[in-house]
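So the chains spell out like this:
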Amino acid sequence: MSYPVVDNETSENTGTAAPAQFDVKKFIFKLVGLLPWLIISTLVSYSIATLYLRYTAQVHKITAQLLIKDEEESSPDYNIISELGVMPGGKQVQDQIDILQSYEISKNVVDSLHLQFQFVAEGRISSSPLYGSKNPAFIHIVGKDTASYKTASYKFQLYPDKFYIFGDGVKSYFKYGDTLELDSHRIYLIKNEDIKPNSKGYNLIIRDTRSVANGIKSLIEVKKSHDMGGTVEISTVDEVPERAMDIINTLINSFNTAGNIDKTMGAQKTNTFLNDKVDEVEHELDSLEINESSFKRDNQIMDVSTAGAEYLGDAASADKSMADEQLQIDLLDGLLSYIKNAKNTYDIIPSNNGITDATLEKLISTYNEAVLSYNTEVKIGPERDPVLTQLKNQLNNLKSDIQKNIESVRIGFETKFNNFNSHYRMFSDKFSTLPEKERALVKLKRQISVKEQLYLFLLQKKYDAELSLASVVGDSRVVDTAHDMGIIKPKASQIKMFAIVLGLLLPIVIMLLFDFFDNRIADRKEVEIGTRAPMLGELSYNKLQINAIINPQSRNVLAEQFRLIRTNLQYFIHDDKVKLILVTSFMSGEGKSFVSLNLTGSLITGKKKVLLIEMDLRKPKLAKYLNINPPYGLTDYIVSDTPFEKIITSIPGLSNADVITSGPIPPNPTELIMNDKITNLFAYARERYDYIIVDSSPVGLVADAFILGDKVDITLFILRHKYSYKTTIKFVEKLYTEKKFNRLGIIVNGIVASPGLGYGYGYGYGYSYGYGYHYGSGYYVDDKKKGPGSWLSKIFRK
């Protein structure tokens, strides 16, 4: 098999080398070569993901739904209040969301569930928190829990009837139920009989209540379920789902309790106000009744006369009207005194307290709602919050309106009272005609009747206030209690899929990075695309034959490759006049001397005679390779009159092949090569030899080879696989375009085959460069090398 060679000197060469393109086939074959690494990387990545999932805490999401009710502004007195410039503020859902996320609510949750105490079970690799029924013991706080501002940790070892604790100054045995003090907390423990104690013991971590509450506050998320409506979703995340559900349910209960307390505050104030009034009237009524009994006993009067009874009946109606008006006046005076003497500037005003003026009652109700809103904003907003300032101004205006309204209403009740009092004087004449003792008894009965009516009225109002207090309905309703929505992280399926993808991508990315940063020649296509100089042959790497002469009769791969180069040279030459072949490279180490020596052995077919001339006068190697020590060399010929015959030496093992070594290293190699004797030497060699091969210096280091460029018939430029720089290809293209050398061709040396691949330099050109059976060449090589890794290569190749 031979490569088709095109003489680019006779073809179009005005263009430039073809641009590099992505080779899909090459990439696929590279992936095939990476197959073992892909398998190993995927297995390792998947194993790491499995271990990560095994020892990483699973975080659950817990949610609940709460409906926050909103009161309708449908009171018949709403328009009256609006006309007064007082607009009662409706309940806003966002305010309730802020309360749910407030620190005070979170602190109530911590105190209710004792979350500042945390048992932790130690494992072989990681520790896991315990909660609820999984706790080895239940902690109970004795008395009021005092605040702690540090974190403490204690080691617990539990036994059937006692436990051992040590840490932070404590180291002792205790019985279950014994009170002990840990980090300013007085507690006692009750053993959980359903749990078998861990032989490794437990850690009890006591944290600052404030930090725990802030932690819960930061994890609680409250948001509207819809833009319209009052349903909110409360959610949190925790690695212990039971704890998270208890936290949310307790949070809702604390929120509802706080809301009910705020809502019943006005009713409680009213109830207290009415209780004081009832007690006061009851005491006065008792005194009047005692006085009546004493008067009857002392004066032996059993009943009033008919005239007195008639007067008493007529006066009762007038007294009732006057008593009603006087009660309203007294209630107004008491309410005004309560407002002025209140301890807090913004305090709840008793409502539904018996005052019959609807406008005043509505003003008080509006004021109380504003007070509740203010108290809410104080908990969730800063002092300089504009909302607080607005609420303060609203409260001040409402309180001023209430006081003015009380004074206005009181004047109206006083006017009615005076009218009823003037009407009462009509009965005074009848009353003055009664006997003195009978008149005194009627007066007592009249006072008792008035107090009884007042007492019954206050009792009714007190009953109404207590009924209102007992029938308080919460402002929220639980739609869905806390329930587990499942694991949100780590997502096992996603992590495993990511591990598989990462395991597959990592070797590919590394391969691409190596390719990207690798500036060495790795592919035949790089040479073909980078330059139009013809490719005359490729030589595989065999470390057993480095710097060795290949037997011309050998049938191994390397010998066949040199024969292939010889055949390509015949296509490349076109005539029999070409005898002088220059072998050069860009830099040292690319194998030009090895190629020159073995090409010499390959060209001595039949009766062909070949002369190898070493013109690398700076770093000669041929004498060492051939293990010869000729007395004269090229340098001796140039600087002295040494005849041609004395500088020519036969090559051991190669018939019809001679060599001229460089001889002593001169101080001026370039000047020697420019000597006219070189021309004479070439003329002498052309007459006596069929081929002359010149092993010159690298062109990238010195200019020696350029001096010989126009004297030779063909130039072989040596590139070495994974050794020569890619920029050398551009240099070769420049040499070829500018015709610095006659008939420039390329030989790629030292091709290293990638394991299991057969394409290019490791990526395939019909056969792979290795040992054993080589597909495409048809030869079996006797120098087959076996090793411990050969069977693995076969497995992965399959």
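Our subject is the structure that appears above.
Since the structure is predicted, the reported quantities are computational estimates derived from the model, not experimental observations.

Conventions used here
Residues numbered from 1 in each chain as written. Predicted model: local features only at pLDDT ≥ 70, side-chain atom pairs only at ≥ 80, totals over all residues. Heavy atoms only, no water. Helix = DSSP H or I, 4+ residues; strand = E, 2+ residues; numbered from the N terminus. Buried < 20%, exposed > 50% of the residue type's maximum accessible area, 1.4 Å probe, protein only. Contact = heavy atoms within 4.5 Å. Areas by Shrake-Rupley, 256 points an atom, 1.4 Å probe, with all protein chains shown as cover. Pairing = 2+ DSSP bridges. Axes fitted to C-alpha atoms, helices over the stretch in contact; angles between N-to-C directions. Core = buried A, V, L, I, M, F, W, Y, C linked by side-chain atoms within 4.5 Å. Expected span 1.5 Å × (residues − 1). Left-handed = near helix turned anticlockwise from the far one by under 90°. Nonpolar A, V, L, I, M, F, W, Y, C, P; charged D, E, K, R; others polar. Phe/Tyr/Trp six-rings, centres within 6.5 Å; stacked < 30°, edge-to-face > 60°. Salt bridge = Lys/Arg side-chain N within 4 Å of Asp/Glu carboxyl O. Patch = residues over 30% accessible without salt bridge, like charges linked within 9 Å, V, L, I, M, F, W, Y side chains within 5 Å. Lys, Arg positive; Asp, Glu negative; His and termini not counted. Charge placed at Lys NZ, Arg CZ, Asp CG, Glu CD. Parallel < 35°, antiparallel > 145°, perpendicular 65-115°, else oblique. Polar contact = N/O pair within 3.5 Å; in protein donor to acceptor, adjacent residues only side chain to side chain.

A. Fine view of the overall build of the protein chain. Secondary structure assignment for the protein chain yields 24 helices and 21 strands. Within the protein chain, the proportion of its 798 residues that are buried is 43%. Contacts in the protein chain between residues far apart in sequence, at least 24 positions, make up 78% of those at least 6 positions apart. Carbon together with sulfur atoms contributes 54% to the accessible area of the protein chain, which is approximately 41,900 Å² in total.

B. Fine view of the sheet that holds strand β3 (residues 127-130). Ordered in space as β3-β2-β10-β5-β6-β7, the six strands form an open sheet in which the pairing is antiparallel. Each of the sheet's edge strands pairs with one partner strand only, and the pair in question is β3 and β7 (170-175). Strand-to-strand twist in this sheet, taken as the mean axis angle between neighbours without regard to direction, amounts to 30°. Inspection of the sheet shows strand β2 (residues 117-122) paired to β3 by four bridges, in the antiparallel sense. By the bridge assignment for β3, Ala121 is matched with Ser128.

C. Examining the nonpolar core more closely. Counting 42 residues, the largest nonpolar core has Ile613 and Leu634 as the members making the most contacts within it. Ranked by the residues each element gives to this core, the list is headed by helix α21 (residues 676-688), at five residues. If near-sequence neighbours (up to four positions away) are discounted, Leu634 is found in contact with Ile613, Glu614, Met615, Leu617, Ile660, Thr661, Ser662, Gly663, Ile678 and Leu681. If you look at the next biggest cluster of nonpolar residues, it comprises 38 residues, including Leu332, Ile339, Leu360 and Ile402.

D. Fine view of the environment of Ile247. Within the element layout of this structure, Ile247 appears in helix α7 (residues 241-299). Non-local contacts of Ile247, meaning those with residues more than four positions away in its chain, are made with Val109, Leu113, Leu115, Ile216 and Ile220.

E. Representation of helix α2 (residues 35-55) in the model. For α2, built from 21 residues, the straight-helix expectation of 30 Å at 1.5 Å per residue is met to within 8% by its first-to-last C-alpha distance of 30 Å. For α2, the set of buried residues is Pro36, Leu38, Ser41, Thr42, Ser45, Ala49 and Leu53.

F. Seen up close, the pairing of strand β18 (residues 657-660). Of the two faces of β18, both are covered, the one formed by Ala657 and Val659 as well as the one formed by Asp658 and Ile660. Where strand β16 (residues 610-614) and β18 come together, four bridges link them in parallel fashion. Bridge assignment links Ile613 to a residue of β18, and that residue is Ile660. Relative to β18, strand β17 (residues 649-650) is paired through two bridges, and the arrangement is antiparallel. Within β18, the position partnered with Thr649 by the bridge is Val659. Linkage of β17 to β18, two consecutive antiparallel strands, is achieved through a turn of six residues, within which Gly653 is found at a positive phi near 85°.

G. Expanded view of the sheet that holds strand β20 (residues 714-720). A sheet is described by the order of its strands in space; here eight strands give the open sequence β14-β21-β20-β15-β19-β16-β18-β17, paired in mixed fashion. The outermost strands of the open sheet, each flanked by one partner alone, are β14 (535-540) and β17. Contacting β14, β15 (580-585), β20 and β21 (744-751), helix α15 (residues 557-573) crosses the sheet at an angle of about 175° to β14.

H. Representation of the packing of helix α5 (residues 103-113) against helix α6 (residues 209-219) in the model. In the contact formed by α5 and α6, the axes pass within 8 Å of each other and the chain directions differ by 115°. Considering only the axes of α5 and α6, their crossing is right-handed. Note on element contacts: α6 touches α5 through Thr209, Arg210, Val212, Ala213, Asn214, Ile216 and Lys217, opposite Tyr103, Ser106, Lys107, Val109, Val110 and Asp111. Along the lines of polarity and charge, the residues of the contact of α5 with α6 split into six nonpolar, three polar and four charged.

I. Local environment of the packing of aromatic side chains. Overall, the coordinates contain 13 aromatic pairs when judged by the stated rule. Aromatic pair Phe156 and Phe163: ring centres 5.5 Å apart, planes at 25°, arrangement stacked. With respect to class, Phe156 is no different from Phe163; both count as buried. Counting every residue linked through ring pairs, the aromatic cluster contains Phe119, Phe156, Phe163, Phe174 and Tyr176.

J. The arrangement of unusual backbone geometry in detail. At the junction of Lys489 and Pro490, the peptide bond is cis and its omega measures out at -5° in the coordinates. Looking at where Pro490 falls in the secondary structure, it is placed in the loop between β13 (476-489) and α13 (492-517). Notably, His114 is not glycine yet its phi reads approximately 55°, a positive angle. Locating His114 in the fold gives a position in the loop between α5 and β2. The phi dihedral of Asn627 is positive, around 55°, even though this residue is not glycine. Secondary-structure assignment places Asn627 in the loop between α17 (622-626) and α18 (634-639). Overall, Asn627 belongs to the exposed group, its relative accessible area being 71%.

K. How the structure looks around the pairing of strand β6 (residues 162-167). In terms of strand pairing, strand β5 (residues 152-158) meets β6 through four bridges, oriented antiparallel. If you follow Leu158 over to β6, its bridge partner there is Phe163. Between β5 and β6, which pair antiparallel and follow one another directly, the connecting turn spans three residues. Across six bridges, β6 lies against β7 in antiparallel orientation. Looking across to β7, one finds that Tyr164 is bridged to Tyr173.

L. Molecular detail of the pattern of salt bridges. Throughout the structure, instances matching the rule amount to 14 salt bridges. Between Arg524 and Glu528 there is a salt bridge, with the nearest N and O atoms lying 2.6 Å from each other. You can see Arg524 and its partner Glu528 sitting in helix α14 (residues 524-530), four residues apart, about one turn around the helix. Under the relative-accessibility criterion, Arg524 is labelled buried at 8%. Owing to a relative accessible area of 41%, Glu528 belongs among the partly exposed residues under this scheme.

M. Structural context of a nonpolar patch on the surface. Among the surface-exposed residues, Tyr46, Met497, Ile500, Val501, Leu504, Leu505, Val509, Leu513, Phe516 and Phe517 lie close enough to one another that they form a single nonpolar patch of about 960 Å² accessible area. Sort the elements by how many residues they give to the nonpolar patch and α13 lands first, with nine residues. Relative to the assigned elements, Val501 resides in helix α13. Residue Val501 is classed as partly exposed on the basis of its relative accessible area, which comes to 38%.

N. Quick peek at the environment of Leu43. Looking at where Leu43 falls in the secondary structure, it is placed in helix α2. Counting along the chain gives 456 residues from Leu43 to Ala499, while the straight-line C-alpha distance between them is 9.0 Å.

O. Up close: a negative patch on the surface. On the surface, a cluster of negative charge is contributed by Asp276, Asp279, Glu280, Glu282, Asp286, Glu289, Asp330 and Glu452. Tracing the backbone through its elements, the reader meets Asp279 in helix α7.

P. Structural detail: the packing of helix α1 (residues 24-33) against α2. Close contact between α1 and α2 brings their axes to 4 Å; oriented N to C, the two are set at 55°. Accordingly, the angle class assigned to the pair α1 and α2 is oblique. Mapping the contact onto sequence places Leu31, Val32 and Gly33 in α1 and Leu35, Pro36 and Leu38 in α2. Classifying every residue of the contact of α1 with α2 by side-chain character gives five nonpolar, one polar and no charged.

Q. Looking closely at the side chain of Asp695. Structurally, Asp695 is set in strand β19 (residues 691-695). On the basis of relative accessible area, Asp695 is assigned to the buried category, the value being 0%. A distance of 3.3 Å separates a polar atom in the side chain of Asp695 from a polar atom in the side chain of Lys592. Apart from residues lying up to four places away in sequence, Asp695 is in contact with Val583, Lys592, Ser593, Ser596, Ile613, Glu614, Met615, Asp616 and Leu622.

From the geometry alone we can't say anything about function, so treat these as descriptive.
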